[in-house]
Amino acid sequence: MIRRGTVLQKLQDYWNERSSQQRMILGAAFLGTFLVIAGFGWLASRPSMALIYGGLDSAQAGEVIAGIERAGIPYEVRGDAIWVASDQRDRLRMDLAAQGLPAATSTGYELLDGMSGFGTTSQMFDAAYWRAKEGELARTILALPNVQTARVHLAIETGRGYRRDQNGTASVTLTTNGGVITRDQAAALKYLVSSGVPGMQPERVTVIDTQRGIIAATEDQTGADRAAEMKRNVERILEPHVGVGNAIVELNLDLLTETELFTEQRFDPEQRALISTVTEETTDQSNSTGTGAVTAASNLPDAQEQPGDTSQSNRAENRSQSNYEVSRVTREVQRQPGATRRLTVAVLVNGVPQAGADGTTTLAPRSEAELQTLRELVASAVGFDEARGDQLTVKSLPFALLGENGTLATPGFMDRLALNDLARIALIGLFAIAVILMVLRPMMRNRAAAPAVPALDTSLPPMPPMMSGLNGFIDDEPSPDSPRIVPIEFPGLEQLSLPPADPVERLKAMMKERHEESVKILSGWIDNKEKVN
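Residues numbered from 1 in each chain as written. Predicted model: local features only at pLDDT ≥ 70, side-chain atom pairs only at ≥ 80, totals over all residues. Heavy atoms only, no water.

As recorded in an unreviewed UniProt entry, the chain goes by Flagellar M-ring protein and comes from Paracoccus hibiscisoli. In the Sequence similarities (unreviewed entry) part of its UniProt record, the chain is described as follows: "Belongs to the FliF family." (UniProt positions renumbered as here; feature names shortened; annotations may be inferred.)

Before going further, it helps to examine the overall build of the chain. Within the chain, the secondary structure is distributed over eleven helices and 14 strands. Here the chain holds 533 residues, and the buried ones make up 19% of them. Considering only intrachain contacts with a sequence separation of at least 6, the fraction spanning at least 24 residues in the chain is 71%. For the chain, the accessible area works out to roughly 38500 Å², and carbon and sulfur atoms hold 55% of it. (Helix = DSSP H or I, 4+ residues; strand = E, 2+ residues; numbered from the N terminus. Buried < 20%, exposed > 50% of the residue type's maximum accessible area, 1.4 Å probe, protein only. Contact = heavy atoms within 4.5 Å. Areas by Shrake-Rupley, 256 points an atom, 1.4 Å probe, with all protein chains shown as cover.)

With that out of the way, let us pick up the side chain of Asn350. Topologically, Asn350 is positioned in the loop between strand 11 (340-349) and strand 12 (352-355). Asn350 has contacts with Asn246, Leu363, Arg366, Ser396, Leu397, Pro398 and Phe399, leaving out every residue within four places of it along the chain.

On to the pattern of salt bridges. The tally for this structure, following the rule as stated, stands at twelve salt bridges. As a salt-bridge pair, Arg78 and Glu76 come within 2.8 Å of each other at their nearest N and O atoms. Using a relative accessible area of 38% as the deciding quantity, one classes Arg78 as partly exposed. Two residues, Arg315 and Glu317, come together in a salt bridge whose shortest N-O distance is 3.6 Å. Salt bridges sharing partners connect three or more residues here, namely Glu280, Arg315, Glu317 and Arg319. (Salt bridge = Lys/Arg side-chain N within 4 Å of Asp/Glu carboxyl O.)

So, about a nonpolar patch on the surface. There is a patch of nonpolar side chains on the surface, built from Phe30, Leu31, Phe34 and Leu35 and spanning about 480 Å² of accessible area. Here Leu31 is to be found in helix 2 (residues 20-45). (Patch = residues over 30% accessible without salt bridge, like charges linked within 9 Å, V, L, I, M, F, W, Y side chains within 5 Å.)

Structurally, the position occupied by Asp80 is in the loop between strand 2 (75-78) and strand 3 (81-85). The exposure class of Asp80 is exposed, given its relative accessible area of 52%. Discounting chain neighbours no more than four positions away, the residues touching Asp80 are Tyr53, Gly54, Gly55 and Leu56.

Next up on the list: the sheet that holds strand 11. Taken in spatial order, the three strands make up an open sheet running 8-11-14, and their pairing is mixed. Edge positions in the sheet fall to strand 8 (247-255) and strand 14 (391-396), since each of these pairs with one other strand and no more. Pairs of neighbouring strands in the sheet enclose a mean axial angle of 5°, with direction left out of account. Sheet analysis places strand 8 next to strand 11, joined by nine bridges and oriented antiparallel. Within strand 11, the position partnered with Asp254 by the bridge is Arg342. Across the face of the sheet, helix 7 (residues 223-242) comes into contact with strand 8 and strand 11 while running at roughly 155° to strand 8. Here helix 8 (residues 368-382) sits on the sheet in contact with strand 8, strand 11 and strand 14, set at roughly 145° to strand 14. (Pairing = 2+ DSSP bridges. Axes fitted to C-alpha atoms, helices over the stretch in contact; angles between N-to-C directions.)

Tallying each qualifying case throughout the model produces one aromatic pair. Note on Tyr129 and Trp130: the rings are 5.1 Å apart at their centroids and 70° apart in plane angle, and the pair reads as edge-to-face. The class of Tyr129 is partly exposed, set by a relative accessible area of 28%. The buried category is assigned to Trp130, whose relative accessible area is 17%. Here the basic side chain of Arg93 rests over the ring of Tyr53, its NZ or CZ set 5.6 Å away from the ring centre. (Phe/Tyr/Trp six-rings, centres within 6.5 Å; stacked < 30°, edge-to-face > 60°. Lys NZ or Arg CZ within 6 Å of the ring centre and 35° of its normal.)

Below you can see the structure in the form of structure tokens.
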């Protein structure tokens, strides 16, 4: 109790010795120190936050925040992103998914549930039907893991009557969550949309990425994509033999950008082709008989006619005709944009290690037979065509060594520490040191600058009886209940040399400077008084 009262008394004396301006500065410094330490403590005890959802629209974000508040988990809203405590994120995401959050914004076939037969025209029903179709397709597309939002637009001719062909078109606009829509996915989306709309062809569907633009399907690859794929194929063939990193492949693919049509006809007079044969046979046969001479007997009723002269002729004729055609070859070649015009491939492979006579290992170029084998493999992989003007070069040269001995990357001591927590603790420690240097050090300096006063000797002879009424407090004005205390002379005690002033004021100053020793002296006086009584 005495030590606690001593500390409080020292603080009170220090406060009383300060001027009003100094008291205001000390109060402001204490308040600022308290606020800063409280702020650092709040930051140190603040839970780490993790992203749970981002890029949601206002309606979806409101529903998700309401679900988080029902779960009682702390959260923060940073722009269009929602952050929650990292240790609760996964469980909270499962709970929100069980509640159907975030809900899909697209509306499907349930749009048709509110339509009644009364007051609904055919145009209104058609518009609602295709809108519902767009919503259902968008829901299906959202099942892709790298798709964040999806919109489907259908342009369908809704005219009545019979039509042979329906020339409808469609477009799909996608927003990804950082991933890339591949060409295979784009082709699948084309077939998905075209299969959901009767009579639509896949080539009439356009897939658009909000970051990359129009995504071509696999069969519509650009020259750069085809060259990159061919380069990967060549490297995949060479690496099992020469090793990973020991083959460098550069490929230049020149494609046609316009449509070309070639028509060629060739006639070969040395070659004939029988196209037809005509054979004609003619046979002619004729007989003629003349009348006899006219006499008197031929005029009689029963007279017989005399035969005349008889002649007969036969004629036969055969005719054959063969028709031949000169050999003719007609070739028609049509080249569409994207066809390969010319291909150039350069392959550089590393040498093989060989041990020298002095024990050193050097890289020597590969043999010509091995290079010829590699050249044949590369030619087959890229579809080399010499008639087209393609060029293929395969060479072997030793690569420059970057270093034989490397260093193994191992996690160090700092990697295993929580740097954020250490930084917070270090900031709090630095601030505490600054407070000590700015507040406590001036106090200690002021205490050290006080004049040295000789210490009082507490080994005193027995005290004479004292008057009653001592309560440990000194009053400036004497009274019958509390008379003025006068200095007491003790035998064998050297008097202290004090500056000439009021004795009471000097005694007050001495007791303030030597508070503990004064308390001991007064306690000794009181004990002696009790013994005398």
